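Here's the letter readout for the chains.
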Amino acid sequence: MMGWADGHCDVLYKLWQDGEGKLDFYSRNGNLDVNWPRAKDAKVRLQVFAIFVPPEVPRSQSWHVALQQVDDFYERVVQKGSRVCPVRSGEEIALLRQGDQMGGLLAMEGADALQGNLSYLRLLYRLGVRQVGLTWNHANEVADGIEEKRGGGLTRFGHHMVQEMDRLGMVLDVSHLSVRGFWDVMEYKIPVVASHSNAQAICSHHRNLMDDQIRAVIQKEGLIGITFVPKFVHDHPEVATVDCILKHIEYILSLGGKNHIAFGSDFDGIDQKIPGLEHIGDVCNLKEELIKRYPEQWVRKWTEENWLDFYVRHL
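Because the structure is predicted, anything quoted here is derived from the model rather than measured.

Caption draft 1: Geometry of the pattern of salt bridges. Counting across every chain of the model gives 16 salt bridges. With its nearest N and O atoms 3.2 Å apart, the salt bridge here joins Glu 92 to Arg 88. Between Arg 122 and Glu 164 there is a salt bridge, with its nearest N and O atoms 3.0 Å apart. Pair noted here: Arg 122 is in helix α5 (residues 118-126) and Glu 164 is in helix α6 (residues 156-168), with a separation of 42 residues, a long-range link. Of the residues examined, Arg 122 reaches a relative accessible area of 26% and is grouped as partly exposed. Residue classification places Glu 164 among the buried residues on the basis of a relative accessible area of 10%. Three or more residues are tied together by salt bridges with common partners; here these are Asp 243, Glu 289, Lys 292 and Arg 293.

The following block contains the structure:
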C-alpha cells in the first residue's frame, strides 16, 4: 500500500488549547483528526505539524505560546521517537523510506510570535523548525496576510527575515500570504511551498492561488499542497466532495503541475469536513479515487514522494 505525506495539520494548536492534557495523540478515540493509530492505518510517512498562535493571544504571550506548542510536539507527539520521530534534515527525511516510522516535521504558521526578532527565528531553527509561513490572514511585522485589504508586501524586516531563513536553510510557505507578498518572495532563491492552498480558478476563495501564482510555484520547483478545507474546495462548501478535490488536481495538471502536486489537509484546523475525508485515516478513500483516474506512479508522487523528495533536496 502506498504511503502518505501531509504538508499541514494543526494538532499542536489543539494540544495547546487542550491545556490539561486530556487529548492523546496516541489514542484512536480522541478528538484529534490526526492521531497515531489513524496515521498508521493510512501509512503516513511524514506529517508536517504547524505551530499556530491564534490572533486573540496577546502579543506579549505569543512567543510563550509558540514555545508551548514546540514542547507539546516533543512531549506529546514524538516522545522518545519510537513511533513518530522528529525530522530536521534531508538525511533524516530520506531514512523514512527505509523503515516503518512516521516522521514529524515542525513548521510555523505565521511569524507573529517572532515579534520582529530574528534571534527568535534562529532559536526555533535550533528547536527543529524547518518551515515558516510568513503570515496567517492578518498583517504582522513581516508582511500583510491575504485578508488585509491594503495588500501590502514584505516589510523591511520581512526582507531581512527571508534572507535569514535562506541562510539557515529553511523552507518558506506562501499559504495565507498577500498577493504582493507572494511576488516579493518569488524574487528570492529560497525554496517555496504553498502548504495548504488550492486553485482559485476552481474555487474563487481568496486563499487559493491564481493561475500565475501556480505557474510561479511550478517554475520555482516548489509544491502546492491541495487542501481539504471545504470553503477552499468549492464555492458552496456544504456540497464539497472528494470529486471536487480531483478538479483542483486536474486543473493544476493542466498548468504543468504533475511534479508539483502534494497534499496539505489542514486537519485539526477545520470544523467542517468533506464527507469521506474527515480525518487522516480517510485519505485511503482519496488514494482509491486517484488510482482509478491516474497512473500509479503519478499518484505515488502526489501522495508521498513529492513532499519527501522536496525536503530531501532542501533541508
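Let us keep going from here.
Caption draft 2: Spotlight on the packing of helix α3 (residues 59-77) against α5. Between α3 and α5, whose axes approach to 12 Å, the crossing angle comes to 5°. By the angle class used here, α3 and α5 are roughly parallel. Residues Trp 63, Leu 67 and Val 70 of α3 form the contact with α5, whose own contacting residues are Tyr 120, Leu 123 and Leu 124. Across the contact of α3 with α5, the residue classes tally to six nonpolar, no polar and no charged.

Caption draft 3: Structural context of α5. Of the positions making up α5, those classed as buried are Leu 118, Leu 121 and Leu 124. Viewed end-on, α5 has its buried residues packed into an arc of 110°, placing them on one side of the element.

Caption draft 4: The nonpolar core, seen in detail. Core analysis: the biggest nonpolar cluster contains 90 residues, and Phe 25, Leu 134, Met 161 and Ile 249 have the highest contact counts within it. With seven residues, the single largest contributor to this core is helix α10 (residues 242-254). Residues in contact with Met 161, not counting those within four places in the same chain, are Ala 111, Leu 114, Leu 118, Leu 121, Val 132, Leu 134 and Val 142.

Caption draft 5: Molecular detail of the pairing of strand β8 (residues 223-226). On β8, burial covers both faces: Leu 223 and Gly 225 on one face and Ile 224 and Ile 226 on the other are all buried. In this sheet, β8 lies alongside strand β7 (residues 192-194) in parallel orientation, the contact comprising two bridges. Residue Ala 194 lies in a different strand from β8, and its bridge partner there is Ile 224. The handedness of the β7 to β8 crossover, carried by helix α8 (residues 211-219), is right-handed.

Caption draft 6: Structural detail: the environment of Arg 38. Of note, Arg 38 is situated in helix α2 (residues 36-41). A polar atom in the side chain of Arg 38 sits 2.9 Å from the backbone oxygen of Leu 32.

Caption draft 7: Representation of the environment of Ser 82 in the model. One can find Ser 82 in the loop between α3 and β3 (84-86). Considered as a pair, Ser 82 and Met 102 are 20 residues apart in the sequence and their alpha carbons are 9.2 Å apart.

Caption draft 8: Structural detail: unusual backbone geometry. Positive phi is not limited to glycine here, since His 176 has a value of about 85°. Secondary-structure assignment places His 176 in the loop between β6 (171-173) and α7 (179-185). Look at His 176 and you get buried, because its relative accessible area is 7%.

Caption draft 9: Structural view of the pairing of strand β2 (residues 44-51). Here β2 lies mainly inside the structure; seven of its eight residues are buried. As paired strands, strand β1 (residues 4-9) and β2 are joined by four bridges and run parallel to one another. If you follow Trp 4 over to β2, its bridge partner there is Val 44. Of the pairings in the sheet, the one linking β2 to strand β4 (residues 102-109) comprises six bridges and is parallel in character. Note on β4: the bridge partner recorded for Gln 47 is Gly 104.

Definitions and cut-offs
Residues numbered from 1 in each chain as written. Predicted model: local features only at pLDDT ≥ 70, side-chain atom pairs only at ≥ 80, totals over all residues. Heavy atoms only, no water. Salt bridge = Lys/Arg side-chain N within 4 Å of Asp/Glu carboxyl O. Helix = DSSP H or I, 4+ residues; strand = E, 2+ residues; numbered from the N terminus. Buried < 20%, exposed > 50% of the residue type's maximum accessible area, 1.4 Å probe, protein only. Axes fitted to C-alpha atoms, helices over the stretch in contact; angles between N-to-C directions. Parallel < 35°, antiparallel > 145°, perpendicular 65-115°, else oblique. Contact = heavy atoms within 4.5 Å. Nonpolar A, V, L, I, M, F, W, Y, C, P; charged D, E, K, R; others polar. Arc of directions from axis to C-beta. Core = buried A, V, L, I, M, F, W, Y, C linked by side-chain atoms within 4.5 Å. Pairing = 2+ DSSP bridges. Right-handed = clockwise from strand over helix to strand, strands pointing away. Polar contact = N/O pair within 3.5 Å; in protein donor to acceptor, adjacent residues only side chain to side chain.

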